[in-house]
Amino acid sequence: MTKPRAPKRFLPTSPFKPPVAPPPQRFTIGDQVTHDVHGLGRVIGTEDGIAAVVDFGSTQERILSPYAKMSKL
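Residues numbered from 1 in each chain as written. Predicted model: local features only at pLDDT ≥ 70, side-chain atom pairs only at ≥ 80, totals over all residues. Heavy atoms only, no water.

1. Structural notes on the layout of surface pockets
The calculated volume of the largest pocket comes to roughly 170 Å³. As for the largest pocket, its lining consists of H35, H38, E61, R62, I63, L64, P66, Y67, A68, K69 and M70. Ranked by the residues each element gives to the lining of the largest pocket, the list is headed by strand β4 (residues 60-64), at four residues. In terms of residue class, the lining of the largest pocket is made up of six nonpolar, two polar and three charged. (1 Å grid on protein atoms, 1.4 Å probe; cavity = no way out; pocket = protein on both sides within 12 Å on 5 of 7 lines; lining within 4 Å. Points joined across faces, edges and corners; volume = space filled by probe spheres on them. Helix = DSSP H or I, 4+ residues; strand = E, 2+ residues; numbered from the N terminus. Nonpolar A, V, L, I, M, F, W, Y, C, P; charged D, E, K, R; others polar.)

Structure representation (structure tokens):
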């Protein structure tokens, strides 16, 4: 298992613009979602910007932000 990489440092003297992080996804209760591992599901709970609780039918999972493997349908 590999460790996640730390983001590259931005040097203030760099002639390039600093990297801009995309805004975090927001999910609301009732949103239909798809997850790369668990499949199709429906959001049944949210923790403001921290996690979303999703019912995938056979299991309920707490998916942590930034929701890299999950997207809205």
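2. Notes on the pattern of salt bridges
Following the criterion strictly, the structure yields three salt bridges and no others. Between R26 and D48 there is a salt bridge, and its shortest N-O distance comes to 3.2 Å. Within this pair, whereas R26 is found in the segment before β1 (32-35), its partner D48 is found in the loop between β2 (39-47) and β3 (51-55), the two being separated by 22 residues in sequence. Here K72 and D31 are joined by a salt bridge, their closest N and O atoms 3.7 Å apart. You can see K72 sitting in strand β5 (residues 70-72) and its partner D31 sitting in the segment before β1, a full 41 residues away along the chain. For K72, a relative accessible area of 45% gives the class partly exposed. The exposure class assigned to D31 is buried, which follows from its relative accessible area of 17%. (Salt bridge = Lys/Arg side-chain N within 4 Å of Asp/Glu carboxyl O. Buried < 20%, exposed > 50% of the residue type's maximum accessible area, 1.4 Å probe, protein only.)

3. What about the nonpolar core?
Judged by nonpolar contacts, F27, V33, V43, A52, V54, F56, I63, Y67 and M70 together constitute the single largest core of nine residues. In this structure, F56 is in contact with H35, H38, G39, L40, G41, E61 and I63, ignoring residues within four places of it in sequence. (Core = buried A, V, L, I, M, F, W, Y, C linked by side-chain atoms within 4.5 Å. Contact = heavy atoms within 4.5 Å.)

4. Structural notes on unusual backbone geometry
Among all residues save glycine, negative phi is the norm, and among peptide bonds the norm is trans. With an omega dihedral of 25 degrees, the bond running from S65 to P66 counts as a cis peptide bond. Inspection of the secondary structure assignment puts P66 in the loop between β4 and β5. A positive phi is found at Y67, a non-glycine position, where the angle reads about 55 degrees. With respect to the secondary-structure elements, Y67 resides in the loop between β4 and β5. Residue Y67 is classed as buried on the basis of its relative accessible area, which comes to 7%.

5. Looking at the sheet that holds β1
In any sheet, the strands associate via hydrogen bonds between backbone groups, in a parallel or an antiparallel arrangement. Ordered by their spatial adjacency, five strands build an open sheet running β4-β3-β2-β1-β5, and the pairing between neighbours is antiparallel. Looking at strand neighbours, the two that pair on one side only are β4 and β5, the edges of this open sheet. Strand-to-strand twist in this sheet, taken as the mean axis angle between neighbours without regard to direction, amounts to 40 degrees. (Pairing = 2+ DSSP bridges. Axes fitted to C-alpha atoms, helices over the stretch in contact; angles between N-to-C directions.)

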